[in-house]
Amino acid sequence: MYWDANDKVTVTVMGDGETDLDLYIFDEDDNLVAYDTDYTDTCYCNFTAETSGNYTIAVVNLGTFVNYFSLNIN
């Protein structure tokens, strides 16, 4: 996902309740810029992009079952 410097970004993940999901967001230099690692499958990250560039969004399923989720980016 491409964001300009100073863009205010909100990323939300809503799982189906089956497993724990974690959310990580990295800048184009692979620096971790935001994360949500609580013990639910609802994740929320709100941050301001420090630099313009491509960002990577990673959703990690920590369970042993499939967890169907929605991803919302504002």
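In what follows, the structure referred to is the one given above.
Bear in mind that the values here come from a model prediction, so they are computed numbers and not experimental data. (Residues numbered from 1 in each chain as written. Predicted model: local features only at pLDDT ≥ 70, side-chain atom pairs only at ≥ 80, totals over all residues. Heavy atoms only, no water.)

Digging into the environment of Val59
And step 1. Looking at where Val59 falls in the secondary structure, it is placed in strand 7 (residues 56-61).
And step 2. Discounting chain neighbours no more than four positions away, the residues touching Val59 are Val13, Leu21, Asp22, Leu23 and Phe69. (Helix = DSSP H or I, 4+ residues; strand = E, 2+ residues; numbered from the N terminus. Contact = heavy atoms within 4.5 Å.)

Some words on the sheet that holds strand 7
And step 1. The strand order 4-3-7 describes an open sheet built from 3 strands, whose pairing is antiparallel. Of all strands in the sheet, those with a lone pairing partner are strand 4 (32-36) and strand 7, marking the two edges. Neighbour-to-neighbour, the strand axes of this sheet turn through a mean angle of 15°, independent of strand direction.
And step 2. Pairing of strand 3 (residues 21-26) with strand 7, which is carried by 6 bridges, proceeds in the antiparallel orientation. (Pairing = 2+ DSSP bridges. Axes fitted to C-alpha atoms, helices over the stretch in contact; angles between N-to-C directions.)

Some thoughts on the nonpolar core
And step 1. Trp3, Val11, Leu23, Ile25, Phe47 and Tyr55 are the most contacted members of the largest nonpolar core, which has 13 residues in total.
And step 2. Elements represented by at least two residues in this core include exactly strand 2 (8-14), strand 3 and strand 5 (42-48).
And step 3. Residue contacts for Ile25: discarding those within four places in its chain leaves Trp3, Val11, Asn31, Leu32, Val33, Ala34, Cys45, Phe47, Tyr55, Thr56 and Ile57. (Core = buried A, V, L, I, M, F, W, Y, C linked by side-chain atoms within 4.5 Å. Buried < 20%, exposed > 50% of the residue type's maximum accessible area, 1.4 Å probe, protein only.)

Quick look at the sheet that holds strand 5
And step 1. Reading across from one edge, 5-2-8 is the order of the 3 strands in this open sheet, with antiparallel pairing throughout. Each of the sheet's edge strands pairs with one partner strand only, and the pair in question is strand 5 and strand 8 (70-73). If you compare each strand with its neighbour and ignore which way they point, the axes differ by 10° on average.

Overview of the packing of aromatic side chains
And step 1. Taken as a whole and judged by the stated rule, the model has 4 aromatic pairs.
And step 2. Taking the centre distance of 5.7 Å and the plane angle of 85° together, the rings of Trp3 and Phe47 count as edge-to-face. One end of the pair, Trp3, is in strand 1 (residues 2-3); the other, Phe47, is in strand 5, with 44 residues separating them in the sequence. Taken individually, Trp3 and Phe47 each receive the classification buried, so the pair is uniform in this respect.
And step 3. Members of the aromatic cluster, joined through ring pairs, are Trp3, Phe47 and Tyr55. (Phe/Tyr/Trp six-rings, centres within 6.5 Å; stacked < 30°, edge-to-face > 60°.)

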